[in-house]
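# Fold and geometry: a report
Read off the chains here:
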Amino acid sequence: MTTDSVSMRVARIFISYRREDSELAASRLAEDLRRHFAPAQVFQDFASIDPGADFVDAVQRGLDTCAAVVVVIGSKWLNVVDRKGRRRLDVPDDWVRHEVAESLRRPGVRVFPVLLDHADMPSLDDLPEDLQALTRRQAFPLTVRHWGKDFAELVEHLRRVRGLDSRSEVRPSPDETIQREAGVPSAAVSNEVERKTPAAPREPAPEAQPSPDRSLTESVPRTARGSQDEGPLDQTGQRATSTSELFPAGGPAVSWKPLAAIGAVVAIVLVFFVRYAGQESQPGPVTAPAQSSVQGKRALERSPTTLTAGQIFRDCDQCPEMVVVPAGNFMMGSPKTEVGRFDPEGPQHPVTIATSFALGKYEVTVAEFKDFVQVTGYRTEAERNPDQGLAVWDEKKDKWVWSKGQSWRSPGFAQDDRHPVVGVSWNDAQAYVEWLAKRTGQAYRLPSEAEWEYAARAGTTTARFWGNDPNRACAYANVGDRSVKLARPEWPYAIHDCEDGFIETAPVGRFAANRFALHDMIGNVWEWTQDCWNDGYAGAPKDGLPWLKGDCGRRVVRGGSWGYTPELTRAAFRGRSVAGDRNSDQGFRLARTL
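The following paragraphs examine the structure supplied in this document. (Residues numbered from 1 in each chain as written. Predicted model: local features only at pLDDT ≥ 70, side-chain atom pairs only at ≥ 80, totals over all residues. Heavy atoms only, no water.)

### Remarks on the overall build of the chain
Regarding its fold elements, the chain presents 13 helices and 19 strands. Taking all 594 residues of the chain together, the buried fraction comes to 59%. The contacts in the chain between residues at least 6 apart in sequence include a share of 76% that link residues at least 24 apart. Just so you have it, the chain exposes about 23500 Å², and 52% of that area is on carbon and sulfur atoms. (Helix = DSSP H or I, 4+ residues; strand = E, 2+ residues; numbered from the N terminus. Buried < 20%, exposed > 50% of the residue type's maximum accessible area, 1.4 Å probe, protein only. Contact = heavy atoms within 4.5 Å. Areas by Shrake-Rupley, 256 points an atom, 1.4 Å probe, with all protein chains shown as cover.)

### Describing the state of the cysteines
One covalent bond between the sulfur atoms of two cysteine residues makes up a disulfide. Enumeration according to the criterion identifies 2 disulfides in this entry. In the chain, the cysteines engaged in disulfides, taken in order along the sequence, are linked 1-2, 3-4. (Disulfide = S-S within 2.5 Å.)

### Some thoughts on the pairing of strand S10 (residues 349-353)
Residue alternation in S10 divides its side chains into a buried set, His349, Val351 and Ile353, and an unburied set, Pro350 and Thr352. With 5 bridges joining them, strand S9 (residues 328-332) and S10 adopt antiparallel strand pairing. Looking at S10, one finds that asparagine 329 is bridged to threonine 352. (Pairing = 2+ DSSP bridges.)

### What to know about the sheet that holds strand S15 (residues 526-533)
Taken together, the 4 strands give an open sheet; going across it, the order is S17-S16-S15-S18, and neighbouring strands pair in mixed fashion. Of all the strands in the sheet, the pair left with one neighbour each is strand S17 (574-578) and strand S18 (586-588). The average undirected angle you get between the axes of adjacent strands in this sheet is 50 degrees. Both strand S16 (residues 551-558) and S17 contribute to a ladder of 5 bridges, which runs antiparallel. Along S17, the bridge assignment pairs valine 557 with glycine 575. (Axes fitted to C-alpha atoms, helices over the stretch in contact; angles between N-to-C directions.)

### With respect to the sheet that holds strand S1 (residues 12-16)
A sheet is described by the order of its strands in space; here 5 strands give the open sequence S2-S1-S3-S4-S5, paired in parallel fashion. A strand with exactly one partner marks an edge of an open sheet, and here the two such strands are strand S2 (42-43) and strand S5 (140-142). Both strand S4 (residues 110-116) and S5 contribute to a ladder of 3 bridges, which runs parallel. From the neighbouring strand, valine 114 faces S5, where its bridge partner is phenylalanine 140. Strands S1, strand S3 (66-73), S4 and S5 of the sheet are contacted by helix H6 (residues 147-159), whose axis makes an angle of about 145 degrees with S5.

### What to know about the packing of aromatic side chains
For the structure shown, the criterion picks out 17 aromatic pairs. Where phenylalanine 330 meets tyrosine 454, the ring centres are 5.4 Å apart and the plane angle is 50 degrees; that geometry is what we call tilted. With phenylalanine 330 in strand S9 and tyrosine 454 in helix H12 (residues 449-457), the pair connects residues that are 124 residues apart, well separated along the chain. For phenylalanine 330, a relative accessible area of 10% gives the class buried. (Phe/Tyr/Trp six-rings, centres within 6.5 Å; stacked < 30°, edge-to-face > 60°.)

Structure follows, in structure tokens:
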């Protein structure tokens, strides 16, 4: 499809931002806007361009087809410098400068300067000549603290822009991946756009490190708590229902001619067929899957009779959303050179996932667990043993301690309904799984450790699904960050230089999904798996089944949590926890046999 043909059909919102200044806010803004407009109408570079596509051409097409440009301006926007020490805005080839200048020159394009968290509007003296017209555009404030209110007002302003007043059908151009989930950044980006290029990986750390133990004597430093007054963000993970989006790249195109002589009933049947007949994905092993095969539009179905890779469904109204994970092969564990590696993460070994399976799109939430408790009257182990309670992190003592009388319902742990449930033991998780399996008649269970890591990697071989660089964690994971320092300047540990504003857990889906459309696989909360603990992978199954030999009094937990530094939280990171233990950073995610 040519640029001209696209522009005849599309009115888009183009989001311009600097990675060093506002990547997390820009990603959240894009995700929220896709809930109010057709997803293909929202253009945000890395989430809208396929790997291998020409970045320059794709961004230019985004500018050519936009009706509104949202310029996200944070506190660092003006003064970010390149590797030569030059202010980026003073470099003629800088892409942010190009995006804004190009938009200001185009008649009919509305440019919205969005001031993030009380950032100042640039003055004439701050800007090069081709950007000075930006100072004449009315700025719009957007704060994290009042995100819901501010965002709703911004949406109303955008709806007044011609072409953005409805969820119109939009067909993406061939090299774009218009998706509901924020995707993985393009791997090939020129030096001209280094503002969105990941930094080089850090040098490998010494190999010998202690095993991460989830017991009360655990020695891995944890971060403390920051600010958490931000409301939950509900993300459905669905995209628009444009017929062209139902097929993987290279798949068939569907075009139906009007059938004037056909009655209303037949017409309805045809509409249904056109919308849903193409939900088939590329089957077979997926070592490094293309985004189009697993992350495109997938209709959210109830009790589907056939399931294809990447499809999102739920088996009942209160059931968790599930994503079909394709079969495939991968290398499990971490290489000896991986920064932050622990000995129990090796040796690396090949694993074959012979058949597809379903995994929870999110961690099980408070609302979902609450439904189980209300229906069954179930009392968790913490509630049955109030004198024992659950484990919480004590900043002063720098270790986990038992807090009596605490449970998953306790203020500060339960959060709100959209947060992952925490303070539940492996036994509690099993009780939920058994109840849901009986309720739906489906084979729900906890994932095996191999299934979990395969899904977390999502076809990648790097330490994290977004790459090896832990410094990009801000946009992808709820990990220990700068909010701790702001809340507690005395906090002694070296932590990540970004701030997500969450004390402990974040609402599920708050951070970008991986290529399998799964959220929070890294960070947020540790997740129980079915496997017994072993100190390494010598003798581990290679077929993806749970390893039920070893120390079965302790079960494997995966993914790290809100309290771990980005260097530690990796796809191969694993820990152990007594099956009856409850921790304020520990929850679970469902699997389902298909």
